[in-house]
Amino acid sequence: MHRTAAPGRNRNRSLLGLAGAAALAIAMAGCSTPAAEGETSGGEVVFADYGGPTNESRQIAYFDSFQDETGTRVVSASLQDAIMYSMLEGEEGDYDLIQVSSDSLIKYKENLAVLPDGVPRADTFPEEIQDYAVGGFLIGITQGWLTDTFPDGGPQDWADFFDTEKYPGKRAWPGAPGSYDASFELALLADGVAPEDLYPLDLDRAVAKLDSIRDDLVFYESYPEVQTLLSTGSASIAVSVTGQFTALMNQGLDVTVQWNEAFLSPNFFVIPESAENKEAAYELATWLADGERQAVFTERTFYGPANEATFDYLPEDVASKLPGGPGNDGSLYFDEQYRADYLEELTSSYTEWLAG
Amino acid sequence: MQPTRTQTEKRWLLWPPLAFFAIALGIPMAMLLVQSFDRGGGAFVEMFTMSSFTAALLRTLVMAAVVTVLTTLIGAVYGLAIWAAPRWFSGILLAWLMLSLWTSIVVRTVGWMLLEIPRGAIYWLLSSLGLVEEPIELYQTALAMYPAMVAVMLPFVVLPAMTAMSSIDREQLNAAVIFGAGPTLVLRSVILPALMPALISGGVLVFVMSLGFYVTPLLLGGPANLTVSGLINLQVNTLNRPDLGASMSLLLVAATVVIYLIADRLFKVSEKWG
Amino acid sequence: MRTAASALGFYRAPILLVSLLAGLMLFVPFLVLVATSWTSGGLLLFPPQGFSLRWYETVLQDPRWMEPFALSLAVSAAATLLAVIFGTAGALAVLRLSPRSARVVRTLFIVPIALPPVAYAIGLYGVNLQLDALRSSFVTLILGEALIALPYVFVVVSAATGRLDPNLRKAAVTLGAGWPLILRRVELPLLIPNIVAGAVFGFSIVFDEVVLSVFLLPPGVQTLPLKMLSASTEAFSPALTAASTMVSLLALIVLALFAWLSRAGARRMRKVSTP
Amino acid sequence: MTVPVKIDQVDVTLGPNHVLKRVCLDVKAGEFVTLLGASGSGKSTLLNVIAGLQGVDSGHVLFNGENVEKRPPQKRNVGVVFQSYALFPHMTIGENVAFPLLAARRPVKERRAVAAEMLELVQLGGMSDRMPASLSGGQRQRVALARAIAAKPEVLLLDEPMAALDKQLREQMQVEIKRIQRQVGITTIAVTHDQTEAFTMSDRVAIMHEGCFVQIDEPEALYRRPVTEYVAKFLGEANLFGSADGVLLGRPGASGSTGTAVIRPEDMQPLVDGESAQACVEATVTLVSFQGERFRVEAVTPDGMTVISTLPGNTDMGRLAVGSRLRFGCRQPERVHVIRPEGQDAAREPVAA
């Protein structure tokens, strides 16, 4: 007990300080979202994406100028799937614009706002998507490798990817539960199914093909791990979204991206019917559709642009590295309707295979 | 003590925390129940028909058990070492413990990944020493995942073990040594009895906390190590089945609490902590 | 220390060896992280490419890192404060209960430690969905984090309440002190070291808590662990490990300073007390 | 202010133990009464009852004629010195002593002044800023005493106040406490198991045994005229001779009566040849021990009875070697005290009056 003999006088003051801090903290907890710096009178619009460099690029390409011109503040939220789904299902939520993939859009169409006339549409996207797609971009899923790894030329298609004799080394592969990406499709292609016969997917056959390569896979839980796996040489080939390969190139590494049999999939923002700031969201949609601004975004991210017009503003060496860019032929599109309809089956089959 | 007095004390000391529990614990649990009946309550039946769920449940329990055994053993030794080491060495051991406690689990997992990938830091070290040439096959094996999980849980055994060790009476030790007890006897008759309660309560805690593991086993042990928490996340975040997620959550909470309560009954864990 | 060493005899060397290996388990990943953060390149790699502190600079100058850091400090402080208030009250209440109800209450106060974060977060998120007003506030997040921190505070404080000399209380009572005065002037001051230790422990847990943040933060803001999580899922930049290194080192420095200060304080006390 | 304290038929049961059995006690204002008993006799419980730390099952506690048994300790206006002193380790000596005034919400200035005055009283003037941990045992006890009387309580309670002190300090403090008690003039009730302590400090001593008072009286009366063999044996050594032992020869009024004779060792003397005395016995010396101010002699009679005698330390012990056979007896008849079996004794004041 005696060891706790401590000065008594200062303590009262520090306790008081603590109490003050408590009051402050609780008061802070009570009030809503912290006020942004330099808030303008024009309200705000909440934009939910996955953060990181892509979001930064959006800030630079679109939001900064949008805020300056319109006075409407763009709040970038870190997208939370649970909130996203409840909004897609028509419930209330915080977001005004949500980043979704095509299959989600198709699945939840009836709870989404249709863009009013006057908002330009994304002309590189399929017709049925265009009315909902705001500020879209094209992602590519394919294989890539450090060019040095295969001096005599790397795998040309998915059959080559599965050929571990010819192309030795680990393959980096999406391993997060439910992240089936293009896994079934490319397994079937490797197994000899023609691109036009892919759908409906023969899951048993795909899984069998995947099993044959399982020991040569190294799984990643999130895309950026691909960069580490490739750059250390821990994996010789990676299946990933092309943005990761671009990031490696930006770091000065020589990366080969195989566009042949790459899968392209539009991603974009949708405005849920339950969104609170729909008008501002439409305004932002118009802003996002501009080809010149998209070119700024594209040059930073190497995602494929939503508008053909964007290519007018891009240098050729950039364009050739883009999904859907000139010369990147042989790319394939998902059957987004099928993937929307069978979302649960695909997810659970893939998860089960992963857990296998 | 005067009973009339303690009533007002209890009102001020006991009821506010209990009210806090009712709000912060009771309401969310009630919400889980509501959510799990979102689609008519079939979720409770459905989850048990899912082979992925039962498999994950079993896997989680086994994983937690292994982590518990490893952590308790290693933690006991670590606690003993802090007690018995020269001052500078126990200082280092303590600093390592604190360092790890204050480093984000997310980032620590990244650190393990950088170590364990086929051509990661371990490979770099071994190949610099000329010991290996081929990339090492460690990443995404059980061997890769357990050290990371044990490292996360270690403080929860070491800290109570340290407290227990510091309570050992030096004179009792002296007496044992003077009466000619060898190290084995001292260990068995003085140190272990003092350490045991701390190890048991620490172990129970590690076990129930390990039931919540998610990212670490998945990243370092490979996708085959999907735990219940991971599956819940999948239901809520990818499959959009909050009802399933909520009922799995309820089951996980219930299982954890029941296991804790049983252990509490058997080993009086709370008393040792409290 | 001599006794401890000699009592273990020939077991001492292996025990120290194993602890050293276990310590490496704690320390080596940290070392790797630190190494990756001083790279001059842009990739999160070991071994790092060259040496520079540019990523530290980047983090310190980037509001996208500093704001989450500040928010984390604020949220964790608020949650820890609640946990300290309720945890300490609970620990003191247990002293005054009959052994049987003390057992029940003690268990209740420790049970949240076993709460799986994902499950709890989903439950709290459900509350947010029901009450719109909460969704854009930090209320549920702070309450949730407080519940998570509470057992740590409770356990550490309880360890001290159990050692309180019951005669102090009796003495104070016979000297005419009511329970609030006893609480304020006798019990709490004696518990301060453990309350602080419990608060530090609870804070360290809450500060690193990410799952609740994922579900409960209002749009547009991030806590530091959430920022780290999203940094590791969107881009693997050395900024991540630079930030984490700084937090760990900051924590160590603060803890060391704290330990040093309290030791110095104790020394000063002794000087004053002995003529 | 100092008040009389009355314990009236107080009954306390703790779990399975009937700790206090309808005990009664009257303490006059300003009187110092010590409860003396072996551990488990209920003396500490009774002290707690008076302090208000222990409730009663039935019976009353009266301060100045007023029922206080329902009052919480805070409202009783008592000062207690605990066995462990229970000083607040985080407060300075001054803060400790001023604590009761803090509890009474007295202004800072008064608190300081009273603390200084009290510390002066217990001869610790100028130590106000020291911490309890830096004090010796005796100093701590003085602080505890100063704290207990700082708020001018009506009753001072001392719970084994000397238990934590070594022998020499103990004797010094016994006198010291008595001095302070006299000076302050406060009604004081102490608890101890040490006979010397009780005798030194108290005006009256109450012997407790198994939850009852056996005898309450002034120290000398207790020692000379114990009402039971228990009291006789509890208060130092005694030669106890039953009526059957045939030693009660020649004591006036003793013939035909039954009872036990109590003769203190200092009254049981070795006799010279032919000398007549009360309670004469022949015994062989088995043990002689020198204790400083006195000799202690143990002898055994032919029928196995032990006789104890003490002699001044300056006695010539030539005659008293181990093995010598002597006659022992009490030279002053009034020093032979006879305990009558219950019911026969009318002379003693009734227990628990």
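Rules used in this analysis
- Residues numbered from 1 in each chain as written.
- Chains lettered and ligands numbered in written order.
- Predicted model: local features only at pLDDT ≥ 70, side-chain atom pairs only at ≥ 80, totals over all residues.
- Heavy atoms only, no water.
- Helix = DSSP H or I, 4+ residues; strand = E, 2+ residues; numbered from the N terminus.
- Buried < 20%, exposed > 50% of the residue type's maximum accessible area, 1.4 Å probe, protein only.
- Contact = heavy atoms within 4.5 Å.
- Areas by Shrake-Rupley, 256 points an atom, 1.4 Å probe, with all protein chains shown as cover.
- Pairing = 2+ DSSP bridges.
- Right-handed = clockwise from strand over helix to strand, strands pointing away.
- Salt bridge = Lys/Arg side-chain N within 4 Å of Asp/Glu carboxyl O.
- Polar contact = N/O pair within 3.5 Å; in protein donor to acceptor, adjacent residues only side chain to side chain.
- Nonpolar A, V, L, I, M, F, W, Y, C, P; charged D, E, K, R; others polar.
- Phe/Tyr/Trp six-rings, centres within 6.5 Å; stacked < 30°, edge-to-face > 60°.
- Lys NZ or Arg CZ within 6 Å of the ring centre and 35° of its normal.
- Axes fitted to C-alpha atoms, helices over the stretch in contact; angles between N-to-C directions.
- Parallel < 35°, antiparallel > 145°, perpendicular 65-115°, else oblique.
- Left-handed = near helix turned anticlockwise from the far one by under 90°.
- Expected span 1.5 Å × (residues − 1).
- Core = buried A, V, L, I, M, F, W, Y, C linked by side-chain atoms within 4.5 Å.
- Domains from an automatic or database assignment.
- Buried area = accessible area lost by both parts, 1.4 Å probe.

Student: Quick one: what's the story with the overall build of chain A, residue by residue and with numbers?
Tutor: Counting its secondary structure elements, chain A contains 15 helices and 10 strands. Relative to its 356 residues, chain A shows a buried fraction of 58%. Put simply, of all contacts in chain A between residues at least 6 apart along the chain, 69% involve residues at least 24 apart. Put simply, chain A shows about 14,100 Å² of open surface, and 47% of that area lies on carbon and sulfur atoms.

Student: Got a sec to walk through unusual backbone geometry? Specific residues and values, please.
Tutor: A cis amide bond, omega -5 degrees, links A:Y199 with the succeeding residue A:P200. Note on placement: A:P200 falls in the loop between α7 (183-190) and α8 (203-211). Here the residue pair C:F46 and C:P47 is connected by a cis peptide bond, since its omega of -5 degrees sits within 30 degrees of zero. Here C:P47 lies in the loop between α2 (12-37) and α3 (54-61). With a phi angle near 60 degrees, A:F302 is a residue other than glycine that sits in the positive phi range. The backbone phi angle of D:Q123 is positive, close to 65 degrees, even though this residue is not glycine.

Student: I'd like a description of the side chain of B:S90, backed by residues and values.
Tutor: Residue and element names in this part refer to chain B. Mapping S90 onto the fold places it in helix α5 (residues 87-101). S90 sits in the buried class, given a relative accessible area of 11%. If sequence neighbours within four positions are ignored, S90 has contacts with I82 and A85.

Student: Any chance you could break down the pairing of strand β7 (residues 155-159) of chain D for me, citing the residues and the numbers?
Tutor: Side chains on a regular strand alternate between the two faces of the sheet. All names here are of chain D. Counting buried residues along β7, five of its five residues qualify, which places the element largely inside the surrounding structure. Both faces of β7 are covered, namely the face carrying V155, L157 and D159 and the face carrying L156 and L158. Here four bridges tie strand β6 (residues 78-81) to β7, and the two strands are oriented parallel to one another. Residue V80 lies in a different strand from β7, and its bridge partner there is L157. Examined bridge by bridge, β7 and strand β8 (residues 187-192) share five bridges and lie parallel to one another. Residue pairing across strands places L157 opposite I189, the latter belonging to β8. For the segment spanning β7, helix α5 (residues 167-184) and β8, crossover handedness is right-handed.

Student: I'd like a description of the interface of chain B and chain C, backed by residues and values.
Tutor: On the chain C side, the residues contacting the 91 residues of chain B number 90 residues. In this assembly, chain B and chain C are joined by zero salt bridges. Run the count over chain B and chain C and you get eight residue pairs in polar contact (both at pLDDT 80 or more). Looking at which element gives the most residues to the side of chain B that touches chain C, the answer is helix α2 (residues 15-36) of chain B, with 14 residues. Residues that form the side of chain B that touches chain C fall into these classes: 68 nonpolar, 15 polar and eight charged.

Student: If you had to explain the environment of B:A198 to someone new, which residues and values would you point to?
Tutor: All names here are of chain B. Looking at the secondary structure, you find A198 in helix α10 (residues 183-210). We classify A198 as buried; its relative accessible area is 8%. A198 sits 35 residues away from T163 along the chain, and the two C-alpha atoms are 8.2 Å apart. Beyond its immediate chain neighbours, meaning those up to four positions away, A198 contacts P160, A161 and A164.

Student: How would you summarise the packing of aromatic side chains if you had to cite specific residues and measurements?
Tutor: Applying the stated criterion across every chain, the model contains 45 aromatic pairs over all chains. The interplanar angle of 55 degrees and the centroid separation of 5.6 Å between the aromatic rings of A:F125 and A:F268 together place this pair among those described as tilted. In this pair, A:F125 sits in the loop between α4 (102-107) and α5 (127-130) while A:F268 sits in strand β8 (residues 255-270), placing the two residues 143 residues apart along the sequence. Summarising the burial analysis for this pair, A:F125 and A:F268 share the class buried. Centre to centre, the rings of A:F161 and A:F162 are 5.8 Å apart; their planes meet at 65 degrees, and the pair counts as edge-to-face. No difference in accessibility class separates A:F161 from A:F162, as the two residues are buried. An aromatic cluster is defined as three or more aromatic residues linked by ring pairs; in this entry it consists of A:Y180, A:F184, A:F219, A:Y350 and A:W353. The ring of C:W65 carries the charged tip of C:K227 above its face, separated from the ring centre by 5.0 Å.

Student: So what's going on with the packing of helix α2 (residues 52-70) of chain A against helix α12 (residues 291-301) of chain A? Which residues, and what values?
Tutor: Residue and element names in this part refer to chain A. At a minimum axis distance of 9 Å, the contact between α2 and α12 shows a crossing angle of 160 degrees. Taken together, the axis directions place α2 and α12 in an arrangement best described as roughly antiparallel. Once α2 is placed against α12, the crossing between them reads as right-handed. Residues T54, S57, R58, I60, A61, Y62 and S65 of α2 pack against R293, Q294, V296, F297, R300 and T301 of α12. Tallied by class, residues from the contact of α2 with α12 come to five nonpolar, five polar and three charged.

Student: Can you explain the sheet that holds strand β4 (residues 58-63) of chain D? Please cite residues and give values.
Tutor: With antiparallel pairing, the four strands of this open sheet are ordered in space as β2-β1-β4-β5 (chain D). Each edge of the open sheet carries a strand with a single partner, namely β2 (17-27) and β5 (66-67) of chain D.

Student: Quick one: what's the story with helix α5 (residues 99-110) of chain C, residue by residue and with numbers?
Tutor: With 12 residues, α5(C) extends 16 Å from end C-alpha to end C-alpha; this agrees with the ideal 16 Å at 1.5 Å per step. Every buried residue belonging to α5(C) is among C:A102, C:R103, C:V105, C:R106, C:T107, C:F109 and C:I110, and all of these are buried.

Student: Give a description of the nonpolar core that names residues and reports values.
Tutor: One finds B:Y78, C:Y120 and D:F99 to be the most contacted residues of the largest nonpolar core, which totals 276 residues. Non-local contacts of D:F99, meaning those with residues more than four positions away in its chain, are made with C:A172, C:L175, C:A177, C:L181, C:R185, C:V186, D:F88 and D:M91. Counting 64 residues, the second largest nonpolar core, distinct from the first, contains A:F47, A:Y167, A:L217 and A:W353.

Student: Give me the lowdown on the domain arrangement of chain A, citing residues and values where you can.
Tutor: All names here are of chain A. Each assigned domain of chain A is listed with its residue range as follows: domain 1 (13-138 + 267-328) and domain 2 (140-265 + 335-355). With centres defined by C-alpha atoms, the gap from domain 1 to domain 2 works out at 28 Å. At the interface, 15 residues of domain 1 touch 14 residues of domain 2. Both sides of the domain 1 and domain 2 interface together cover about 1,300 Å² of buried area, and 62% of this is carbon and sulfur.

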